[in-house]
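# Commentary on secondary and tertiary structure
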Amino acid sequence: MSEFIGEFLGTFVLILLGNGVVAGALLENSKAKNGGWIVITAGWAFAVVFGIFVAKTFGSPGAHLNPAVTLSVAIQSGNFTNFFPYAIAQISGAFLGSVFVYLHYLPHWKKTTDQSAILAIFSTEPAISHSFSNFISEALGTAVLILGIHSIFSEANVGLTPAFGAFLVGILVWAIGLSMGGTTGYAINPARDFGPRLAHWILPIPNKGKSGWKYAWIPVCAPFTGAGIAALLLKLLG
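Parameters at a glance
- Residues numbered from 1 in each chain as written.
- Predicted model: local features only at pLDDT ≥ 70, side-chain atom pairs only at ≥ 80, totals over all residues.
- Heavy atoms only, no water.
- Helix = DSSP H or I, 4+ residues; strand = E, 2+ residues; numbered from the N terminus.
- Contact = heavy atoms within 4.5 Å.
- Lys, Arg positive; Asp, Glu negative; His and termini not counted.
- Charge placed at Lys NZ, Arg CZ, Asp CG, Glu CD.
- 1 Å grid on protein atoms, 1.4 Å probe; cavity = no way out; pocket = protein on both sides within 12 Å on 5 of 7 lines; lining within 4 Å.
- Points joined across faces, edges and corners; volume = space filled by probe spheres on them.
- Nonpolar A, V, L, I, M, F, W, Y, C, P; charged D, E, K, R; others polar.
- Core = buried A, V, L, I, M, F, W, Y, C linked by side-chain atoms within 4.5 Å.
- Buried < 20%, exposed > 50% of the residue type's maximum accessible area, 1.4 Å probe, protein only.
- Axes fitted to C-alpha atoms, helices over the stretch in contact; angles between N-to-C directions.
- Parallel < 35°, antiparallel > 145°, perpendicular 65-115°, else oblique.
- Left-handed = near helix turned anticlockwise from the far one by under 90°.
- Salt bridge = Lys/Arg side-chain N within 4 Å of Asp/Glu carboxyl O.
- Phe/Tyr/Trp six-rings, centres within 6.5 Å; stacked < 30°, edge-to-face > 60°.

Here we come to the overall build of the chain. When helices and strands are tallied, the chain shows 9 helices and 0 strands. For the chain, the α and β elements follow one another from N to C terminus as α-α-α-α-α-α-α-α-α. Each of the three principal axes of the chain carries a C-alpha extent, and together these read 50 × 40 × 30 Å. Taking as baseline every contact in the chain between residues at least 6 positions apart, the subset at least 24 positions apart corresponds to 77%. Computed over 11 positive and 8 negative side-chain charges, the separation of the two mean positions in the chain equals 10 Å.

Further remarks concern the layout of surface pockets. Counted as a void, the second largest pocket has a volume near 170 Å³. Looking at the second largest pocket, the residues that line it are E125, P126, S129, S131, N134, G212, K214, Y215, W217 and I218. Partitioned by chemical class, the residues of the lining of the second largest pocket number 4 nonpolar, 4 polar and 2 charged.

Attention now moves to the nonpolar core. Counting residues in each nonpolar core, the largest one holds 43 residues, and the members touching the most others are W44, W109, I121 and F122. Here I121 is in contact with N19, V22, A23, L26, L27, V101 and W109, once residues within four sequence places are set aside. With 5 residues, the next largest nonpolar core counts F135, A139, Y215 and A222 among its residues.

The next subject is the packing of helix α2 (residues 37–57) against helix α7 (residues 162–180). Put simply, α2 and α7 touch, their axes get as near as 8 Å, and they point 150° apart. With respect to their mutual orientation, α2 and α7 come out roughly antiparallel. Seen along the crossing, α2 lies across α7 with a hand that is right-handed. Along the contact surface, α2 presents W37, I38, T41, A42, A45, V48, V49, I52 and F53, while α7 presents A163, A166, F167, V169, G170, V173, W174, G177 and L178.

A separate point is the pattern of salt bridges. If you walk through the whole model with that rule in mind, you get 3 salt bridges. Note that R197 and E125 form a salt bridge whose closest N and O atoms lie 3.1 Å from each other. Residue R197 is located in helix α8 (residues 190–202), and its partner E125 is located in the loop between α5 (115–122) and α6 (131–152); the two are separated by 72 residues in the primary sequence. Residues joined by salt bridges that share partners form a network here, namely E125, D193 and R197.

A word on the environment of L203. For L203, the location among the structural elements is in the loop between α8 and α9 (218–237). For the pair L203 and Y102, spaced 101 residues apart in sequence, the C-alpha separation works out to 8.3 Å. When residues no more than four places from it in sequence are discounted, the contact partners of L203 are S98, V99, Y102, F122 and K208.

What follows deals with the packing of aromatic side chains. Summed over the entire model, instances satisfying the criterion amount to 11 aromatic pairs. Connected via pairs of aromatic rings, a cluster forms that spans F83, F84 and F224.

To continue, consider the environment of N29. In this structure, N29 sits in the loop between α1 (2–26) and α2. Taking relative accessible area as the criterion, N29 reaches 60% and is therefore assigned exposed. Taking the C-alpha atoms as reference points, N29 and Y102, 73 residues apart in sequence, are found 15 Å from one another. The contacts of N29, once residues within four sequence positions are left out, are H108 and K111.

Residue position: G97 is located in helix α4 (residues 83–104). On a C-alpha basis, the gap between G97 and K110 in space is 20 Å, while along the polypeptide they are 13 residues apart. Not counting the four nearest positions on each side in its chain, G97 is found in contact with F12, I15 and L16.

What follows deals with the side chain of N134. Positionally, N134 belongs in helix α6. If we skip the residues at most four places from it in the chain, N134 touches P126, I128, S129, T184, Y215 and I218.

Unusually for a residue other than glycine, N29 sits at a positive phi of about 70°. Positive phi outside glycine occurs at N34, with the angle close to 65°. Its place among the elements puts N34 in the loop between α1 and α2. With a relative accessible area of 64%, N34 lands in the exposed category.

So, in structure tokens, the structure goes:
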């Protein structure tokens, strides 16, 4: 139960801060309006760091915050016991985090008429709709995430503290966002996309359009695919 709570609260903080910075940059009358991609990717990187710290503090030593990371750990260890409990906690935390983003920016939704901008605050969409390349982008980005996390916490890095490792994971996510995020918005996390997209669909947000369910399978399936391939390669090479 403590690990469930840790994953839930850690993912809640991840989405509150991550989607929060997107909301600040896109919503009308926000003081952070037009902050741009550097601000958004930096905000997400910091969100990852503090999500990890919260997850660890409240009972999840692994601090996955991401079902794709949980899957990669399960494949490498051969133990899938935590996969479904963690995934449920992560999706639930992501959903609630988005609800609180909605509440935090409550007066700004009526001022914003751009439906695509409102959806972008909750979930990812491709810059150019092309299912094959969009799938590759999300899978490759997630594979880099798994490879990077594995490398950060590798035994080769003797003396690296877990706390400093959390900062490096944030920098890793920042790098992925800057270098690879321009194609699809780099979900690289099924919970990060599905939970908030569900919130967008349910919440009474003024001026919102459709929730983009036609695309939604890609930021769910592609990260699992990329994580699975990366985990198998790491297991083979290890």
